[in-house]
Amino acid sequence: MGRLAQIGRRLAQAIRKLGSVVLFLLTMLQAMPYALRRPRLVTVQIHNAGVLSLVIIMTSGFFVGMVVGLQGYDAFSRLRQEDLLGAAAALSLIKELGPVVTALLFAGRAGTALTAEIGLMKATDQLSAMEVMAIDPMGRIVAPRFLGGLIAVPFLTAIFNSVGILGAYFVGVQLMGVDNGAFWSQMQEYVDSGDIREGIIKSLAFGGAASLVAVFEGYTADRTAEGVGLATTRTVVVTSVLVLILDYMITSFLL
Amino acid sequence: MIEIDDLRFSIAGRRIFDGLNLRIASGTVTAIMGPSGTGKTTLLRMITGQLRPGSGSVRVDGREVPALDRAGLYDLRRHIGMLFQNSALLTDDTVFDNVAFPLREHTRLPERLIRTVVLTKLHAVGLRGAARLMPSELSGGMARRVALARAMALDPDLLLYDEPFAGLDPISLGMILRLIKVNNDVLGVTSVVVSHDVEQISRIADYCYVVSGGRVIGEGTPEQLRHSDSALIQQFMSGAADGPVPFHYPASPYRDELLGGRS
């Protein structure tokens, strides 16, 4: 009975948390017009979440692309189908690796920064001060950061994919000797707009989820150093799991 | 200006207010004093509508604060300035931008005029020369003065000060005292000052309330409180370590605890 009660309590806690996330999202959407009337607030956040993540995204994208190139070459050479490397690398990057790895990197670099920033603002009464000044922190602080992440992630994904394809090209064509023309022509042959659409849908969903988790955890963090630290950790853990779950759901829906 | 009747409020099962009543007249400096943890800051948050009472009434300028909707609450807050204990400056903005923040958000003043207003406010707190500094470059006293300039930016009718003297050196403390008094005398601002510092607050307060155990245990002018018959108020006014408010937090017998249950 005690075990059953414990499971019930945990379940109730999870439902309550989910309810508070939905309420938070609705409150943020209500405050969205404030942020949209001040586009500068959003562009600053696109810069913080997007431009400042470029180095890590491009570096990771290039190496992931190179690994895809190596593994792909190894697999296709067994089948004597090395020419398909370009198409395979592009498809795996555009449909899967790009959106997922970009979202995970975003959570680690920009998501944690968002959580820590908002959590610290809360702990030092900056959000309370705004409320007393009759300025809604949801509109002034939270919504622009959410929008910044939501907009930045698809662009970061596109950059990750492009650099990743260059990485696969470098390994496949330059190092392993796959035919240059075949690499690009097979890619053109097999990658269609549906694949790109799938990638865009995923990157938008992951960007929205990662940004929502980051701002929610920051806004609901305890007002202590430990509270902000725990919230930052939760951002990475929750976003990672959520992205993988969403990835399966979207893939199964779109295929 | 502020009327609080039969205020009751609990948080995490702990009763903070248990039938608190007080009145704050327009244009006065009113001190709210009391031991730590008696809910003085909570009271300020009730006045600004950041917290809702369990029961009772909080009226500001005739408006029942807990009954106000979001728009009403924000309208009320535009007439209120608050100085936070930890200053609560926006750490990514300069001193100038911190003071300009409420002006840019709530007015359509051209930037040229905003500059004039901000420099005037900063001049009033003696920090016009620090306009380009970041909050991290300020001392605690300077940050408190910048926060005061920001609280005064929209010329509020009511200024709330949460422990304005805590951690200040004598010079900064004297400046803050003078600014509170000047705001009151010259601009007619109603001031509510939450403070432990009986000696300092007595120099400028028109009226004082002593809050303990969730209710007002004494009130009057600083002079009246000094001559109060209440042992509790006397302990508080004289700063005695022990008295009706015990020095020791409730605990098991000292001997038992030190010997770890062995005697």
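The model shown is predicted, which means the values in this text are computed figures rather than measured ones.

What follows is about the overall build of chain A. In terms of regular secondary structure, chain A is built from nine helices and zero strands. Listing each helix as α and each strand as β along chain A from the N terminus yields α-α-α-α-α-α-α-α-α. Taken along its principal axes, the extent of the C-alpha atoms in chain A is 65 × 55 × 30 Å. Burial statistics for chain A: of 255 residues in total, 47% are counted as buried. Long-range contacts, defined as pairs at least 24 residues apart, comprise 84% of the intrachain contacts of chain A with a sequence gap of at least 6. Accessible area of chain A: about 12,500 Å², with a carbon and sulfur share of 68%. Each charge class in chain A can be summarised by its mean position, and for the 19 positive and 17 negative side chains these summaries are 12 Å apart.

A few words now on the interface of chain A and chain B. Contacts between the two partners involve 19 residues from chain A and, on the opposite side, 21 residues from chain B. Of all residues in chain A, Val132, Met133 and Ala134 of chain A give up the largest surface area on contact with chain B, accounting jointly for 36% of the area buried on that side. The interface formed by chain A and chain B holds four salt bridges in total. Linking chain A with chain B are nine residue pairs in polar contact (both at pLDDT 80 or more), by the criterion used here. Within the residue set of the side of chain A that touches chain B, elements represented by two or more residues are helix H4 (85-123), helix H5 (126-132) and helix H6 (137-175) of chain A. A per-element tally of the side of chain A that touches chain B places H5 of chain A first, with six residues. In terms of residue class, the side of chain A that touches chain B is made up of ten nonpolar, three polar and six charged.

A word on helix H2 (residues 39-49) of chain A. Residue and element names in this part refer to chain A. Those residues of H2 not exposed but buried are Leu41, Val42, Gln45 and Ala49. Along the axis of H2, the buried positions cluster into a sector of 95 degrees, meaning they face one direction only. The exposed set on the far side of H2, more than 90 degrees from its buried face, consists of Pro39 and Arg40. The elements touched by buried residues of H2 are helix H1 (2-36), H4 and H6.

Residues and elements named next belong to chain A. In contact at an axis separation of 11 Å, H1 and helix H8 (residues 193-219) are set at 100 degrees when each is read in the N-to-C sense. As summarised for this structure, H1 and H8 are arranged roughly perpendicular, according to the angle between their axes. Judged by residue contacts, Lys17, Ser20, Val21, Phe24, Leu25 and Met28 of H1 engage Leu212, Val215, Phe216, Glu217 and Tyr219 from H8. The residue inventory of the contact of H1 with H8, partitioned by class, reads eight nonpolar, one polar and two charged.

This brings us to the packing of aromatic side chains. Summed over all chains, the structure comprises eight aromatic pairs over all chains. Here the aromatic cluster, defined as three or more aromatic residues joined through ring pairs, consists of Phe24, Phe216 and Tyr219 of chain A. Against the face of phenylalanine 96 of chain B rests arginine 132 of chain B, its NZ or CZ located 4.9 Å from the ring centre.

Formed by 60 residues in total, the largest nonpolar core has its most connected members in Met28 of chain A together with Ile2, Ile4 and Leu158 of chain B. Sequence-distant contacts of isoleucine 4 of chain B, that is, excluding residues within four places in its chain, are made with Leu20, Asn21, Leu22, Arg23, Leu43, Ile47, Ser57 and Val58 of chain B. Core analysis: the second largest hydrophobic core is formed by 47 residues, Ala31, Ala100, Ala147 and Val189 of chain B among them.

Tallied over the entire structure, the rule returns two cavities of 30 Å³ or more. One number sums up the size of the largest cavity: a volume of about 140 Å³. What lines the largest cavity is a set of 16 residues, and nearest its centre among them are Met133 of chain A together with Ile80, Gly81, Arg150 and Ala151 of chain B. At the level of secondary structure, the elements contributing two or more residues to the lining of the largest cavity comprise H5 of chain A together with strand S6 (80-83), helix H3 (95-106) and helix H5 (140-152) of chain B. Residues belonging to the lining of the largest cavity are distributed by class as follows: eleven nonpolar, two polar and three charged. The wall of the second largest cavity is formed by Gly49, Leu51, Arg52, Val65, Pro66, Leu68 and Leu73 of chain B. Among the residues making up the lining of the second largest cavity, the classes are represented as five nonpolar, one polar and one charged.

This paragraph deals with the sheet that holds strand S1 (residues 2-11) of chain B. Residue and element names in this part refer to chain B. Within the open sheet, the four strands sit side by side as S2-S1-S4-S5. Their pairing is antiparallel. In this open sheet, the two edge strands, each paired with only one partner strand, are strand S2 (14-24) and strand S5 (63-64). Relative to S2, S1 is paired through eight bridges, and the arrangement is antiparallel. Residue pairing for S2: isoleucine 11 is matched across the bridge by arginine 14. Here helix H1 (residues 40-47) sits on the sheet in contact with S1, S2 and strand S4 (55-60), set at roughly 120 degrees to S1.

This part covers the pairing of strand S7 (residues 158-162) of chain B. Residue and element names in this part refer to chain B. Burial analysis of S7 places five of its five residues in the buried class, which makes it a mostly covered element. Both S6 and S7 contribute to a ladder of four bridges, which runs parallel. The residue of S7 that forms the bridge with glycine 81 is leucine 159. Sheet topology places S7 next to strand S8 (residues 190-194); five bridges connect them, and they run parallel. Bridging from a neighbouring strand, leucine 158 pairs with threonine 190 of S8. Where the polypeptide runs from S7 across helix H6 (residues 170-187) and back to S8, its parallel neighbour, the crossover connection is right-handed.

Our next topic: the packing of H6 of chain A against H8 of chain A. Residue and element names in this part refer to chain A. The interhelical angle for the contact between H6 and H8, taken along N-to-C directions, is 150 degrees, at an axis separation of 8 Å. The angle between the axes of H6 and H8 places the two elements in the roughly antiparallel class. You can see that H6 and H8 cross each other, and the crossing is right-handed. Residue-level inspection shows Pro137, Met138, Val142, Arg145, Phe146, Gly149, Leu150, Val153, Pro154 and Thr157 of H6 in contact with H8, the latter providing Ser203, Leu204, Gly207, Gly208, Ser211, Leu212, Val215 and Tyr219. Classifying every residue of the contact of H6 with H8 gives eleven nonpolar, six polar and one charged.

The rules behind these values
- Residues numbered from 1 in each chain as written.
- Chains lettered and ligands numbered in written order.
- Predicted model: local features only at pLDDT ≥ 70, side-chain atom pairs only at ≥ 80, totals over all residues.
- Heavy atoms only, no water.
- Helix = DSSP H or I, 4+ residues; strand = E, 2+ residues; numbered from the N terminus.
- Buried < 20%, exposed > 50% of the residue type's maximum accessible area, 1.4 Å probe, protein only.
- Contact = heavy atoms within 4.5 Å.
- Areas by Shrake-Rupley, 256 points an atom, 1.4 Å probe, with all protein chains shown as cover.
- Lys, Arg positive; Asp, Glu negative; His and termini not counted.
- Charge placed at Lys NZ, Arg CZ, Asp CG, Glu CD.
- Buried area = accessible area lost by both parts, 1.4 Å probe.
- Salt bridge = Lys/Arg side-chain N within 4 Å of Asp/Glu carboxyl O.
- Polar contact = N/O pair within 3.5 Å; in protein donor to acceptor, adjacent residues only side chain to side chain.
- Nonpolar A, V, L, I, M, F, W, Y, C, P; charged D, E, K, R; others polar.
- Arc of directions from axis to C-beta.
- Axes fitted to C-alpha atoms, helices over the stretch in contact; angles between N-to-C directions.
- Parallel < 35°, antiparallel > 145°, perpendicular 65-115°, else oblique.
- Phe/Tyr/Trp six-rings, centres within 6.5 Å; stacked < 30°, edge-to-face > 60°.
- Lys NZ or Arg CZ within 6 Å of the ring centre and 35° of its normal.
- Core = buried A, V, L, I, M, F, W, Y, C linked by side-chain atoms within 4.5 Å.
- 1 Å grid on protein atoms, 1.4 Å probe; cavity = no way out; pocket = protein on both sides within 12 Å on 5 of 7 lines; lining within 4 Å.
- Points joined across faces, edges and corners; volume = space filled by probe spheres on them.
- Pairing = 2+ DSSP bridges.
- Right-handed = clockwise from strand over helix to strand, strands pointing away.
- Left-handed = near helix turned anticlockwise from the far one by under 90°.

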